[in-house]
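Each chain is listed here by its residues.
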Amino acid sequence: MTHLSVNINKIATLRNSRGGLMPDVIHAAKKCLDFGADGITVHPRPDQRHITRSDAYRLKEVVTKEYNIEGFPSKEFIKMVTEILPDQVTLVPDPPNVLTSNNGWDTIKNYGFLKEIIAELQLHNIRVSIFVNPDLKIVEGAKNCNSDRIELYTEAYCNNFIKDKSLAIQPYLKAAVLAQNLELGVNAGHDLNMQNLSFFVKEIENIAEVSIGHALISDSLYLGLENTIQMYKRLL
Ligand code: PXP
């Protein structure tokens, strides 16, 4: 079954808007896990506009299921994750100030850079996933860099789902089949929501994990966090 990792960046965004401790991201992470999430994802950015470095360290103590930290592999990021030792690190190529991840890695151009970083993280027993577009050459490149998994960047699927879901899923299906043949695990994330999620995981059998933040936290405003997590779990 596909695991659900809840991305709690948005909880930190809400907290930071007032500068206090409410809502408490540590408590929220514990609750997400109690309510059935299979893991917690955070994306501490250099400007600490949502999850801070200190949150990332403190979360290690309470995330009893899978802990996934996303980020661009700067020197500071690598230092942080090799101290925290999460279960998984998802490498994203975004420049520091983008609003949200907006592209996958070029695994061919960045072959040497990625290969070195992946090896270093794996030495620390951290599973590595790299964020990629559903492009076959790029998936092959991820394998060449020795990544354990890829995370398929699903924004294009989610945008095109509304127009023609069968067409929208095609590149993702091909990329996931190739990844399976190459013995690469497959995660997925970005813009997944209650409308487009179940079709995605029904059509692509080998999705190990989805990480969902924006839509899930937004839904929970109306439906409650426990109910929302349970609903997403049922869709999986
Ligand atoms: N995967 C990556 C690499 C991301 O950067 C994000 C957003 O932080 C997500 C997944 C989750 O996307 P969303 O918040 O749209 O569910």
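Residues numbered from 1 in each chain as written. Predicted model: local features only at pLDDT ≥ 70, side-chain atom pairs only at ≥ 80, totals over all residues. Heavy atoms only, no water.

Observations regarding the pattern of salt bridges
Step number 1: For the structure shown, the criterion picks out seven salt bridges.
Step number 2: Arg-45 is paired through a salt bridge with Asp-94; the nearest N and O atoms lie 3.0 Å apart. Residue Arg-45 is located in the loop between β2 (39–42) and α3 (53–62), and its partner Asp-94 is located in the loop between β4 (88–91) and α5 (111–123); the two are separated by 49 residues in the primary sequence.
Step number 3: By relative accessible area, Arg-45 is classed as buried at 6%.
Step number 4: Residue Asp-94 is classed as buried on the basis of its relative accessible area of 4%. (Salt bridge = Lys/Arg side-chain N within 4 Å of Asp/Glu carboxyl O. Helix = DSSP H or I, 4+ residues; strand = E, 2+ residues; numbered from the N terminus. Buried < 20%, exposed > 50% of the residue type's maximum accessible area, 1.4 Å probe, protein only.)

Overview of helix α2 (residues 25–34)
Step number 1: Listed as buried for α2 are Val-25, Ile-26, Ala-28, Ala-29, Cys-32 and Leu-33. Here the buried residues of α2 occupy an arc of 160 degrees about the axis, which is enough to place them on one side.
Step number 2: Those residues of α2 that are buried are in contact with β1 (3–7), α1 (9–16), β2, α3 and α10 (225–235).
Step number 3: You can read the cap of α2 off the contacts: a side-chain oxygen lies 2.9 Å from the backbone nitrogen of Ile-26, and it is on Asp-24.
Step number 4: Two residues or fewer after α2 comes Gly-36, characterised by a positive phi angle close to 120 degrees. (Arc of directions from axis to C-beta. Contact = heavy atoms within 4.5 Å. Polar contact = N/O pair within 3.5 Å; in protein donor to acceptor, adjacent residues only side chain to side chain.)

Looking at unusual backbone geometry
Step number 1: In the segment running from Met-22 into Pro-23, the intervening peptide bond is cis, with an omega of -5 degrees.
Step number 2: With respect to the element layout, Pro-23 can be found in the loop between α1 and α2.
Step number 3: Located in the positive-phi region is Leu-85, a residue other than glycine, with phi close to 55 degrees.
Step number 4: Counting through the fold element by element, Leu-85 comes out in the loop between α4 (75–84) and β4.
Step number 5: The phi torsion at His-190 lies on the positive side, around 110 degrees, for a residue other than glycine.
Step number 6: Counting through the fold element by element, His-190 comes out in the loop between β7 (185–189) and α8 (197–203).
Step number 7: Residue His-190 is classed as buried on the basis of its relative accessible area of 18%.

Examining the sheet that holds β1
Step number 1: Read once around its circumference, the closed barrel built from eight strands follows the order β1-β2-β3-β4-β5-β6-β7-β8, with strand pairing classed as parallel. Between one strand and the next, the sheet's axes are offset by a mean angle of 25 degrees, whatever the strand orientation.
Step number 2: Alignment of β1 against β2, held across three bridges, turns out to be parallel. Among the inter-strand pairings, Val-6 is bridged to a residue of β2, identified as Ile-40. (Pairing = 2+ DSSP bridges. Axes fitted to C-alpha atoms, helices over the stretch in contact; angles between N-to-C directions.)

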